[in-house]
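# Descriptive structure summary
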Amino acid sequence: MKPPTYQYGDLKSPLLENFPHRRHVFSMKFTYYGHACFSIEAGGKTLLFDPFISPNPLAKEIDVKKVAADFILVSHGHGDHVADVIDIANRTGATVIAPYEVGTWFEGKGVKNVQAMNHGGAAKMPFGRVKLTSAIHSSSMPDGAYGGNPCGFVIETSEGNFYYSGDTALTMDMKLAGEGMKLRFAVFPIGDFFTMGIEDALKAAEFVGVNKFVGVHYDTFPPIKIDREAALQAARAAGKELLLPAIGDSVDM
Ligand code: NI
Ligand code: MN
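My aim in this report is to walk through the structure given alongside it, one point at a time. Quantities reported herein were computed from a predicted structural model and do not represent experimental measurements. (Residues numbered from 1 in each chain as written. Chains lettered and ligands numbered in written order. Predicted model: local features only at pLDDT ≥ 70, side-chain atom pairs only at ≥ 80, totals over all residues.)

## Digging into the environment of Gly 178
Condition: Strands are runs of DSSP state E lasting at least 2 residues, helices are runs of H or I lasting at least 4, and numbering of each runs from the N terminus. Comment: burial labels come from other C-beta atoms within 10 Å of the residue's own C-beta, placed from the backbone, where a count of 20 or more is buried, 12 or fewer is exposed, and between is partly exposed. This entry defines residue contacts through backbone-placed C-beta atoms, with two residues in contact when those atoms are within 7 Å.
Note that Gly 178 resides in the loop between helix H4 (174-177) and strand E11 (183-189). Given 21 C-beta atoms within a 10 Å radius, Gly 178 is considered buried. Gly 178 has contacts with Tyr 163, Leu 183, Val 208 and Gly 209, leaving out every residue within four places of it along the chain.

## Focus on the sheet that holds strand E13 (residues 241-243)
Note the following rule: Strand pairing is defined by DSSP finding a minimum of two bridges between the two strands. Axis lines are fitted through C-alpha atoms, for helices just across the contact stretch, and the angle between N-to-C directions can take any value from 0 to 180 degrees.
With mixed pairing, the seven strands of this open sheet are ordered in space as E7-E8-E9-E10-E11-E12-E13. Each edge of the sheet is formed by a strand with only one pairing partner; in this case those strands are strand E7 (122-125) and E13. Across the sheet, the mean angle separating the axes of adjacent strands is 20° when strand polarity is ignored. Across four bridges, E11 lies against strand E12 (residues 212-216) in parallel orientation. Note on E12: the bridge partner recorded for Phe 188 is Gly 215. The strands that helix H5 (residues 198-208) touches are strand E10 (160-164), E11 and E12; relative to E11, the one it contacts most, it runs at about 155°.

## Some thoughts on the pairing of strand E5 (residues 95-99)
Look at any regular strand and the pattern is simple: side chains alternate between the two faces of the sheet. The following threshold applies: For a crossover, the right-handed case is the one in which the path from the first strand over the helix to the second runs clockwise, viewed with the strands pointing away from the viewer.
The buried fraction of E5 amounts to five of the five residues, a majority that puts the element mostly inside the structure. Sheet topology note: the strand E4 (residues 71-73)/E5 ladder contains three bridges and is parallel. By the bridge assignment for E5, Ile 72 is matched with Val 96. Pairing of E5 with strand E6 (residues 114-117), which is carried by four bridges, proceeds in the parallel orientation. The partner of Val 96 across the bridge, within E6, is Val 114. For the handedness criterion, the β-α-β arrangement of E5, helix H3 (residues 100-108) and E6 is classed as right-handed.

## Considering the sheet that holds strand E2 (residues 38-42)
Here we have seven strands laid out as an open sheet, ordered E6-E5-E4-E3-E2-E1-E14, and mixed in their pairing. Unpaired on one side and paired on the other, E6 and strand E14 (250-252) mark the two borders of the sheet. Taking each pair of neighbouring strands and ignoring which way they run, the sheet shows an average axis angle of 20°. Direction of pairing for strand E1 (residues 29-32) relative to E14: antiparallel, over a ladder of three bridges.

## Here's the deal with the nonpolar core
Convention followed: Throughout this description, the term nonpolar core refers to a group of buried Ala, Val, Leu, Ile, Met, Phe, Trp, Tyr and Cys residues whose C-beta atoms join them within 7 Å.
Counting residues in each nonpolar core, the largest one holds 74 residues, and the members touching the most others are Ile 72, Val 96, Ala 186, Val 208 and Phe 213. Here the element with the most residues in this core is H5; it accounts for seven residues. Residues contacting Ala 186, with those up to four places away along its chain left out, are Phe 162, Tyr 163, Ser 165, Ala 205, Val 208, Val 210 and Phe 213.

## A short note on H3
Test applied: To be clear, the arc concerns the directions from the helix axis to the C-beta atoms.
Buried within H3 we find Val 102, Gly 103, Trp 105 and Phe 106. Each buried residue of H3 sits inside an arc of 160° when the element is viewed along its axis, so together they form one side. Buried positions along H3 lie against helix H2 (85-92), E5 and E6. A positive backbone phi angle near 95° is found at Gly 110, which sits one or two residues after H3.

## A look at the pairing of E12
With four of five residues buried, E12 lies mostly within the body of the structure. Since E11 and E12 lie parallel, the crossover through H5 that links them has a hand, and here it is right-handed. Pairing of E12 with E13 involves three bridges; the strand directions are parallel. Residue Val 214 lies in a different strand from E13, and its bridge partner there is Leu 243.

## Focus: unusual backbone geometry
The phi angle at His 35 is positive, at roughly 50°, despite the residue not being glycine. With respect to the element layout, His 35 can be found in the loop between E1 and E2. For Asp 50, which is not glycine, the phi dihedral falls at a positive 45°. The residue Asp 50 is located in the loop between strand E3 (45-49) and E4 in this model.

## Remarks on the packing of H5 against helix H6 (residues 228-237)
The cut-off we apply is this: Whether a crossing is left-handed or right-handed is set by the direction in which the near helix is turned from the far one by less than a right angle, anticlockwise for left-handed and clockwise for right-handed. The residue classification treats Ala, Val, Leu, Ile, Met, Phe, Trp, Tyr, Cys and Pro as nonpolar and Asp, Glu, Lys and Arg as charged. All others, Gly included, are polar.
One can describe the packing of H5 onto H6 by two numbers: an axis separation of 10 Å at closest approach and a directional angle of 30°. Here H5 and H6 pass one another in a crossing that is right-handed. Counting all contacts with H5, which are made through Ile 198, Glu 199 and Leu 202, the residues of H6 involved are Ala 231, Ala 234 and Ala 235. In the contact of H5 with H6, the residues fall into five nonpolar, no polar and one charged.

What follows is the structure, encoded as structure tokens:
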């Protein structure tokens, strides 16, 4: 008997290319673009968060024209989170997911695909599910327009779930972010001054029940320069794994 032959698109085929969404089974690729900008490849899609690349001298090695995105998730309206949203959205056709006022501001700027949501709301997405969580911070658009309330995101995918708090203070609300689900990791600001510092980020990790988190929103501006070694040491002492990938580096989560 001849062994079976399979063609592309044959759903009985064990060939991986027929199941692109399975390519990253048990693997979520995190890529750091500096400041609070990173992407996650999961659920067969690339999710880009808070793009601030072209104005960031620390990220000058990153070619913003090559940054991939199927979705751009924006936590609030501040310039250090939205600077490259329009260019990347226009080039890639990515859908911008953002708090209502931020999303409608981008629609007004001509961005075609926008999903403007609000806190506590969840939506099924091609990558899985997204839910907007509360964040304690502020939000205004670069032109001074009202930016609504800042948010964080809980993302569920077939590869696993994660939480990005956005710019925020430590808040008891974070306990809700991890409730009823297993989070694989979290992404927290650790730069202090405008957001949580490492001490509160470690408490946030405890609140949401993660052992592993990526630190972002540090070193970009003088007030948020951190002592990396001290931060890593504090995490070790708390029994947590703090990841501080170099800008441009990818980490398998
Ligand atoms: Ni901010
Ligand atoms: Mn910020």
